[in-house]
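Take a look at the letters that make up each chain.
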Amino acid sequence: MTDAFTFRIDGVDVLARPGQTIMEAADAAGIYIPRLCDHEGLRHQGGCRVCTVRAGGRSVAACTQPAEPGLDVENDTPARNRIRRDLVEMLFHEGNHLCPICEKSGNCELQAMAYRLEMTQPTRFPWLEPCRALDASHPDIALDTNRCISCGRCIRASQDIDGKGVFGYVGRGIHRRVAVNGPDLAHTGAAVTDAAMAVCPVGCIIRKGEGFSTPIGERAFDHGLIGHEIEEKRK
Amino acid sequence: MTRPRVATVSLAGCFGCHMAFLDMDERLVTLMARVEFDRSPLTDLKTFTRRCDIGIIEGGCCNEENVHTLIEFRRNCDVLIALGQCAIMGGLPAMRNAIMHADDPLRECLEEAYLTGPYLRNLTRHVPNDPALPLILDKVYPCSDIVDIDIQIPGCAPSGDIIFDTLTALLDGTFHGFDRARLRFD
Ligand code: SF4
Ligand code: SF4
Ligand code: SF4
Ligand code: FES
């Protein structure tokens, strides 16, 4: 059962091992599938749906769906990317994403995903404009949950890597939010060295004292689209 | 043959997007030779002299006058461009939108600005209400909330490159969207 097999992504043959997800096999083959909640080293969550591909006549999350022999996967097509762009756009509308004043700008995966998916058209989605208080109680870390995209990376990192459980979900549906396990962050076991503090894709978990330390032009996504390091493996 | 006419305006913006025109450097001369400016802070014309081919809007709408101006631009321009994050999504002025969810928020904001703030010297003890002052809106609106926008050029401010390439492609009739590697929201 450990025999490798092939399946196809956008007509390209991809090698996979049994148990690998579509995304893991794609990564290894140098094919990038957009993602926000998935992060190397964390267990898969399948929450954001930005990685949605068409496979076997169904829409599935590539980060959780196992690859299967002979499967035909549609990934980088205008139809898939349009749906992904709508999802990303809704995340922008759900929070307060004023990139020009955000310390994460240039290093932010949500913003970089918007670039990759060409989010430039006028939109008719309503702006929810949340008004959640900033939690600046911790000496080294600040939380601006108005930028949180509920990806759950911090929750998984805190539980599985740090063994702490500093973060968790509260509420349901559109009211589901990420909260800290205490009255505020200062009253949790959070430390700035925690893995959880390094995995936030957006400018929600902020390290104090850093500000805009990396100049424009030298930030993570100033040169190259998000995912280019994976795509370069194929060239 | 008459040259295409361009009109520009700064609504609730910082004028940075107009300053970004200068980042086109010497290409600005190339562009100027191809177009004629109508209503614009660059010409100091306050009204349209005739219909324009391209209208460029900096800033969103934070007051009544912004809305009227924007509607006038839509009426008088064939292609309407929202230039920069303020025009596209409200930008920095829209930071006030989140606090506006409090009770009677605009009053609270004006009272702090003009009556109760700690660093004030306001002898009239009034919130300014001269009829010449445009009425402030409940929140800052992106341009596309008010009128149809044809093209949005992102950035705060947009780079000289993206402005030049977009306008040149428009004049050549070859605009088919942006090079995604050039997109920036800051
Ligand atoms: S978190 Fe990302 S998308 Fe949101 S404001 Fe900051 S840089 Fe922009
Ligand atoms: S705080 Fe950051 S890592 Fe945690 S759920 Fe929100 S966006 Fe994701
Ligand atoms: S987008 Fe930026 S540069 Fe342009 S008007 Fe707004 S704040 Fe100024
Ligand atoms: S990356 Fe697959 S659902 Fe988020």
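What you see is a predicted model, and the numbers here were worked out from it, not measured in a lab. Per chain, residue numbering runs from 1 following the sequence as it is written. Here every chain gets a letter starting at A, and every ligand a number starting at 1, in the order they are written. The model is predicted, so local features are restricted to residues of pLDDT at least 70 and side-chain atom pairs to those at 80 or more, both for listing and for counting; the totals for chains, interfaces and linings are taken over all residues. Water and hydrogen atoms play no part in the side-chain values, which are based on all heavy atoms of the structure.

Engineer: Kindly report on the side chain of Gln152(B), identifying the contributing residues and their values.
Structural biologist: Only DSSP runs of H or I covering at least 4 residues are called helices, and only runs of E covering at least 2 are called strands; the numbering of each starts at the N terminus. Along the chain, Gln152(B) turns up in strand E7 (residues 151-153). On the accessibility criterion, Gln152(B) (6% relative accessible area) is buried. Engagement of the side chain of Gln152(B) in a polar contact is seen with the backbone oxygen of Thr120(A), the distance being 3.0 Å. From its side chain, Gln152(B) meets the backbone oxygen of Gln121(A) in a polar contact 3.5 Å long. With sequence-adjacent residues up to four places away left out, Gln152(B) is seen in contact with Thr120(A), Gln121(A), Pro122(A), Ala82(B), Ile88(B), Ser144(B) and Phe178(B). Whether a residue is buried, partly exposed or exposed follows from its accessible area with a 1.4 Å probe, protein chains only, as a fraction of its type maximum: under 20%, in between, or over 50%, in that order. Two N or O atoms form a polar contact when they lie within 3.5 Å of each other; inside protein one atom must be a possible hydrogen donor and the other a possible acceptor, and for residues adjacent in sequence the pair counts only when both atoms belong to side chains. Note on contacts: a residue pair qualifies if any of its non-hydrogen atoms lie within 4.5 Å across the two residues.

Engineer: Go over the sheet that holds strand E3 (residues 52-58) of chain B with me, naming the residues and quoting the values.
Structural biologist: Residues and elements named next belong to chain B. When DSSP finds two or more bridges between a pair of strands, those strands are recorded as paired. Across the sheet, which stays open at both edges, the five strands sit in the order E2-E1-E3-E5-E7 with parallel pairing between neighbours. Whereas interior strands pair on both sides, the edge strands pair on one side only; in this sheet they are strand E2 (36-37) and E7. Strand direction decides the pairing type here: strand E5 (residues 77-83) and E7, joined by three bridges, are parallel. For Ile81, the partnering residue across the bridge sits in E7 and is Ile151. Fitted lines through C-alpha atoms serve as axes, helices being fitted only where they are in contact, and the angles separating the N-to-C directions of these axes extend from 0 to 180 degrees. Strands in contact with helix H3 (residues 64-76) are strand E1 (5-10), E3 and E5; relative to E5, the strand with the most contacts, it is inclined by about 135 degrees.

Engineer: Kindly report on the domain arrangement of chain A, identifying the contributing residues and their values.
Structural biologist: Residue and element names in this part refer to chain A. Start and end points for every domain follow an automatic or database-based domain assignment. Split by domain assignment, chain A resolves into domain 1 (5-75) and domain 2 (84-222). Taking only C-alpha atoms, the centre of domain 1 and the centre of domain 2 are 25 Å apart. When two parts are brought into contact, each loses some accessible area as probed by a 1.4 Å sphere; the total of that loss over both is the buried area. Here domain 1 meets domain 2 over a buried area of about 1,600 Å², counting both sides, of which 54% is carbon and sulfur. In the sections that follow, a salt bridge refers to a side-chain nitrogen of Lys or Arg positioned within 4 Å of a carboxyl oxygen of Asp or Glu. Run the count over domain 1 and domain 2 and you get one salt bridge. Connecting domain 1 to domain 2 are 13 residue pairs in polar contact (both at pLDDT 80 or more).

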